[in-house]
Amino acid sequence: MPDIPLGVLDLVPISSGSTATAALRNSIDLARQAERLGYARYWFAEHHLNPGVAGTSPAVVLALTAAATSTIRLGSGAVQLGHRTALSTVEEFGLIDALHPGRLDLGLGRSGGRPPAAKTTAPAATPVADGRTPGGLLIPPPFSFAHLLGSPRVSLQRKLLMLPGAESQEYAEQIDDILALLAGDYRSPEGVEAHVVPGEGADVHVWILGSSGGQSAEAAGARGLRFAANYHVSPATVLEAVDGYRSFFQPSEFLDKPYVTVSADVVVAEDDATARELATGYGLWVRSIRTAEGAIEFPTPEEARAHVWSDEDRALVRDRVDTQFVGSPAYVADRLEQLQEATDADELLITTITHDHADRVRSYQLLAEEWRRRH
């Protein structure tokens, strides 16, 4: 296997009994540790109205983290364009780039925007039989997110994020506006120029994040942009996502061939039993997301074991729990190599949540050491 860089995806999780302040300090510390351990990039996700997630504004957390690190690439995974404008996005990342040039990844996501058009997908190039790829990667049955779209909490989130009467810009058009503002060649339909200071000419790598082979994959591929596929969020559709992106890809000023990173949810410890104990709270945490109540503070193993699971609960989280890579460094590295082989990823993006910060740092350390030994 060629050298496959590892990156970090951080939601800034809040552990039970802790605070958002501690979570932010822990994330900045983890970014420093990731830089020391040789991780290629460190991304922050964007989530709102979650009791257990403090990562509400990637640009703000990126600015704080950029000041505390030196070399690691920093980015958003992803800025949710559904409630933003192209100008505000370029201005925010332009401000950070002005003081920390050449280190930023602007990851863009469609969340919260207009409903997507009818999905166009390419058949997956990697065959799946009995739920597994030839290399053994688990591809579970698809999970339906339909119940989340009708959730009162999701509706409230959109209402609070959007100005009254505002409408989201069409996603592909918004991406084109961001690229034009960064390049300095934006023109309105009437021919009026717009120049963003700072922001125009910023040395920012634009990525598109997607969970399927539809709108996001097409937008990334057709523009020759980098693409991030979410195995940890939607494992059933990861092959469709990367294959769709590659089928749409057109060479550009940014890339001459497709470039993909794929995310994975991981917990590593010295042995399998310890790792499983550290990951005990994961199912209950995913349940809180999948029921639309909002991500809870990440529970201790004891708190998680106190939950009485129904069959409905188990069905709600099964695909996520079954595709979390939990175990010793060797075991998890084997699973990551399966994921890389199945998706032909150029990089892998690792997200890890444990209740105790020290265990989280240790997980990334053990994985980095094992990955370095193999590659």
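Described in the following lines is the structure provided in the data block. Treat the numbers as computed from the prediction; the structure is a model and nothing was measured.

Our focus in this paragraph is the overall build of the protein chain. Along its length, the protein chain carries 14 helices and ten strands. For the protein chain, the C-alpha radius of gyration of 20 Å lies close to 21 Å, the compact-globule estimate for 375 residues. Its C-alpha atoms give the protein chain principal-axis dimensions of roughly 65 × 45 × 45 Å. Per-residue burial for the protein chain yields a buried fraction of 54% across its 375 residues.

Here we take up the packing of helix α13 (residues 329-343) against helix α14 (residues 357-374). Their axes nearest at 9 Å, the elements α13 and α14 cross at an angle of 65°. Considering the relative orientation of α13 and α14, their crossing is right-handed. Touching Pro329, Ala330, Val332, Ala333, Asp334, Leu336 and Glu337 of α13 are Leu366, Leu367, Glu370, Trp371 and Arg374, all from α14.

With that settled, consider the pattern of salt bridges. Counted by the stated rule, this structure contains 18 salt bridges. Linking arginine 360 and aspartate 10 is a salt bridge whose minimum nitrogen-to-oxygen distance equals 2.7 Å. Of the two residues, arginine 360 sits in helix α14 while aspartate 10 sits in strand β1 (residues 6-10), which places them 350 residues apart along the sequence. With its nearest N and O atoms 3.7 Å apart, the salt bridge here joins glutamate 302 to arginine 305. You can see glutamate 302 and its partner arginine 305 sitting in helix α11 (residues 301-305), three residues apart, about one turn around the helix.

According to the stated counting rule, one finds ten aromatic pairs in the structure shown. For the pair tryptophan 43 and tryptophan 207, a centre-to-centre distance of 5.1 Å together with 80° between the ring planes defines the contact as edge-to-face. With a gap of 164 residues between them, tryptophan 43 in strand β2 (residues 41-44) and tryptophan 207 in strand β6 (residues 204-210) connect regions that are remote in the sequence. Put simply, the rings of Trp43, Trp207 and Tyr259 touch in pairs and so form one group of aromatic residues.

This next bit is on helix α8 (residues 238-248). By the criterion of burial, α8 is predominantly enclosed, with nine of the eleven residues buried. Here the buried face of α8 lies against β6, α7 (215-222), β7 (226-230), β8 (260-268) and α13.

Once that is clear, we can look at the environment of glycine 283. Here glycine 283 is to be found in helix α10 (residues 282-290). On the basis of relative accessibility, which here comes to 9%, the residue glycine 283 falls in the buried class. The sequence separation of glycine 283 and arginine 36 amounts to 247 residues, and the corresponding C-alpha distance is 30 Å. Among all residues touching glycine 283, those that are not within four sequence positions of it are Trp309, Val317 and Val321.

Here we come to the side chain of threonine 352. In this fold, threonine 352 is placed in the loop between β10 (347-351) and α14. The buried category is assigned to threonine 352, whose relative accessible area is 0%. Dropping the residues within four chain positions of it, threonine 352 is found in contact with Val266, Val267, Arg360, Ser363 and Tyr364.

What follows is about the nonpolar core. Among the nonpolar cores identified, the biggest contains 77 residues, and Tyr39, Leu108, Val262, Leu336 and Leu348 are the most heavily contacted of them. Membership of the second largest hydrophobic core comes to 19 residues, among which are Leu9, Trp43, Phe298 and Ile353.

Counted residue by residue, strand β5 (residues 104-109) has six buried out of six residues, so it is predominantly covered. Neither face of β5 is exposed, since Leu104, Leu106 and Leu108 on one face and Asp105, Gly107 and Gly109 on the opposite face are all buried. Examined bridge by bridge, strand β3 (residues 73-76) and β5 share two bridges and lie parallel to one another. Bridge assignment links leucine 74 to a residue of β5, and that residue is leucine 104. Where strand β4 (residues 79-80) meets β5, two bridges bridge the pair, whose relative direction is parallel. Pairing of glutamine 80 across the sheet is with glycine 109, part of β5. In this fold, the crossover linking β4 to β5 by way of helix α3 (residues 86-99) has right-handed handedness.

Rules used throughout
- Residues numbered from 1 in each chain as written.
- Predicted model: local features only at pLDDT ≥ 70, side-chain atom pairs only at ≥ 80, totals over all residues.
- Heavy atoms only, no water.
- Helix = DSSP H or I, 4+ residues; strand = E, 2+ residues; numbered from the N terminus.
- Rg over C-alpha atoms; globule rule 2.2 N^0.38 Å.
- Buried < 20%, exposed > 50% of the residue type's maximum accessible area, 1.4 Å probe, protein only.
- Axes fitted to C-alpha atoms, helices over the stretch in contact; angles between N-to-C directions.
- Left-handed = near helix turned anticlockwise from the far one by under 90°.
- Contact = heavy atoms within 4.5 Å.
- Salt bridge = Lys/Arg side-chain N within 4 Å of Asp/Glu carboxyl O.
- Phe/Tyr/Trp six-rings, centres within 6.5 Å; stacked < 30°, edge-to-face > 60°.
- Core = buried A, V, L, I, M, F, W, Y, C linked by side-chain atoms within 4.5 Å.
- Pairing = 2+ DSSP bridges.
- Right-handed = clockwise from strand over helix to strand, strands pointing away.

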